[in-house]
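Architecture at a glance
Here is how the chains run, residue by residue.
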Amino acid sequence: MVDQPATVRASGLQPNERVTIRAELADGAGEQWTSQADFAADAQGNVDTSRQAPVAGSYKEVSAMGLVWSMMPHSRKESRYQPPKAFAPQTIEFQLIRKGEQLATARLEQMAIVEGVQRIRVHDGDLRGWLFLPPGNARHPGVLVVGGSEGGYPGRRAAWLASHGYAAFALAYFHYEDLPELLAGIPLEYFGRALNWMGRRPEILADRVAVMGTSRGGELALQLGSLYPRVGAVVAYVPSNVRNQACCGFTPVPYSWTWQAKPLAFRRARESAPRPEAAIAVEHTQGPLLLISGEADGVWPSSSMANSVVNRLQRHHFAYSVEHLKYPHAGHGAGRPEIVPAWVGPSTHPIAGTEVNAGGSPKGNAESSLDAIPKVLEFLRQNLPQK
């Protein structure tokens, strides 16, 4: 699985011999990515990336997956790694090189989805998206997965969750099919209908449902947790503690969300001190929260905003647990549940067309993923137990 570390090992070398391991892949956009590192074989003639740091190369520290996360694109026109389309596996080729001569090769295939996961297109009333169901006929805890300002539906997060035993509904709410084109004036009742729809599905344990969101979806996940008692847990990646203005471009209204047909207060861009009424009332959430943030976030200050969530909950003597995973050198992709090339350059927002700098170093981004992946899964296991 793409969220599981793999170790590269070589044996049969001379003790203390210096060799190079090179890694290559072609991503979903056809872009070539490469890395390489030099290693000194141990006294038994072995190299093991989970035990040894390279003596030179693309990364410096002991890291089983260092050759993967430290990859760089051949063309700097590419802004970030693009996964293969249609959940196809990612193939990574490794070469063992000594004095310019290739000694051996190996191949790693990373799967984005386990065999047997069902994908069901949802076009029910005004609901749009895809339901991902784990293999087998058992009933499963459910996770409503919402994306951010890119729109569409967050299929890869849902596929990841379904691969670990959760019925994950990747819900679209704008920039998809016949839904609104922009994140503007979205009724929060739409998400309540999605939660009710999940509760009626025979594959889902209706009393065990969480919400997961990233960026503007993290803001939304916190908002939904505060509104709907059905939500038993919230996972918010790089979230905002306040509602933000509509996005992205020339929107028909300035507010993002409505409730009971009325606009909800929001923070405007470049507003230094948001109005108190724009803050999300997270203290009304009926379950635990897990927040993931990057202190080097180039999009918005997700760490300080997540801290504000924690502080607000403490002031209100929140009855449930709250945990904030804060990563000092990670950017807006903090905690991404994939071990893939972690370099990120400036990119163009897919809707607004403006330049976006996600921030974070490759090492910081990768370390946040390696640390957060098992912690997010454990949080869900603890709070949405399987029957």
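See the structure shown above.
In this report, we go over the structure that sits alongside the text. This one's a predicted model, so the numbers in the text were calculated from it and none came from an experiment.

Reading guide: rules and limits
- Residues numbered from 1 in each chain as written.
- Predicted model: local features only at pLDDT ≥ 70, side-chain atom pairs only at ≥ 80, totals over all residues.
- Heavy atoms only, no water.
- Helix = DSSP H or I, 4+ residues; strand = E, 2+ residues; numbered from the N terminus.
- Rg over C-alpha atoms; globule rule 2.2 N^0.38 Å.
- Buried < 20%, exposed > 50% of the residue type's maximum accessible area, 1.4 Å probe, protein only.
- Disulfide = S-S within 2.5 Å.
- Pairing = 2+ DSSP bridges.
- Right-handed = clockwise from strand over helix to strand, strands pointing away.
- Phe/Tyr/Trp six-rings, centres within 6.5 Å; stacked < 30°, edge-to-face > 60°.
- Expected span 1.5 Å × (residues − 1).
- Axes fitted to C-alpha atoms, helices over the stretch in contact; angles between N-to-C directions.
- Contact = heavy atoms within 4.5 Å.

Quick notes on the overall build of the protein
For the protein, the count of helices and strands is 6 helices and 21 strands. Its C-alpha radius of gyration of 22 Å places the protein within 12% of the 21 Å reference for a compact globule of 387 residues. Across its three principal axes, the protein shows a C-alpha extent of roughly 70 × 50 × 40 Å. Out of the 387 residues belonging to the protein, those deemed buried represent 55%.

Observations concerning the state of the cysteines
This structure, assessed with the given rule, holds 1 disulfide. For Cys 247, the disulfide goes to Cys 248, at an S-S distance of 1.5 Å. On the basis of relative accessibility, which here comes to 12%, the residue Cys 247 falls in the buried class. Looking at Cys 248, the relative accessible area reads 12%, which means it is buried.

Some words on the pairing of strand 14 (residues 204-214)
Taken across its 11 residues, strand 14 has 8 buried, putting it largely inside the fold. When strand 11 (residues 140-146) meets strand 14, the two strands line up parallel, connected through 6 bridges. Across the sheet, the residue bridging to Val 145 is Met 212, located in strand 14. The pairing of strand 14 with strand 15 (residues 231-237) spans 6 bridges and is classified as parallel. Across the sheet, the residue bridging to Thr 214 is Tyr 237, located in strand 15. One crossover worth recording links strand 14 to the parallel strand 15 by way of helix 4 (residues 216-227), and it is right-handed.

What to know about the environment of Gly 359
Assignment of secondary structure puts Gly 359 in the loop between strand 21 (355-356) and helix 6 (362-383). Accessibility expressed as a relative area gives 15% for Gly 359, which makes it buried. In the structure, Gly 359 is positioned 357 residues away from Val 2 in sequence and 22 Å away in space, judged by C-alpha atoms.

Some thoughts on the packing of aromatic side chains
Scanning the model with the defined rule gives 14 aromatic pairs in all. Ring centres of Phe 169 and Trp 197 lie 4.8 Å apart, and the angle between their planes is 40°; this geometry places the pair in the tilted category. Of this pair, Phe 169 sits in strand 12 (residues 167-172) while Trp 197 sits in helix 3 (residues 189-200), and the two are 28 residues apart along the sequence. The pair formed by Phe 169 and Trp 197 is uniform in burial state, with each residue classed as buried.

Brief notes about helix 3
Taking 1.5 Å as the rise per residue, helix 3 with 12 residues should run 16 Å; its terminal C-alpha atoms sit 17 Å apart, in good agreement. All buried positions along helix 3 are accounted for by Tyr 190, Phe 191, Gly 192, Ala 194, Leu 195, Trp 197 and Met 198.

Some details on the sheet that holds strand 19 (residues 322-327)
Strand order in the open sheet formed by 8 strands is 9-10-12-11-14-15-18-19, and the pairing between neighbours is mixed. A single partner strand is all that each edge strand has here, and the edge strands are strand 9 (118-124) and strand 19. Each strand axis lies, on average, 20° off the axis of its neighbour in the sheet, ignoring direction. The pairing of strand 18 (residues 289-294) with strand 19 spans 6 bridges and is classified as parallel. Of the residues in strand 19, the one forming a bridge with Leu 291 is His 324. Sitting on the sheet, helix 5 (residues 302-315) touches strand 18 and strand 19, and the angle it makes with strand 18 is about 155°.

Let's talk about the sheet that holds strand 16 (residues 257-259)
Two pairing modes exist for strands in a sheet, parallel and antiparallel, and in both the strands are linked by backbone hydrogen bonds. The strand order across the open sheet formed by 3 strands is 13-16-17, and the pairing between neighbours is mixed. Two strands close off the open sheet at either side, each with one partner strand: strand 13 (186-187) and strand 17 (262-263).

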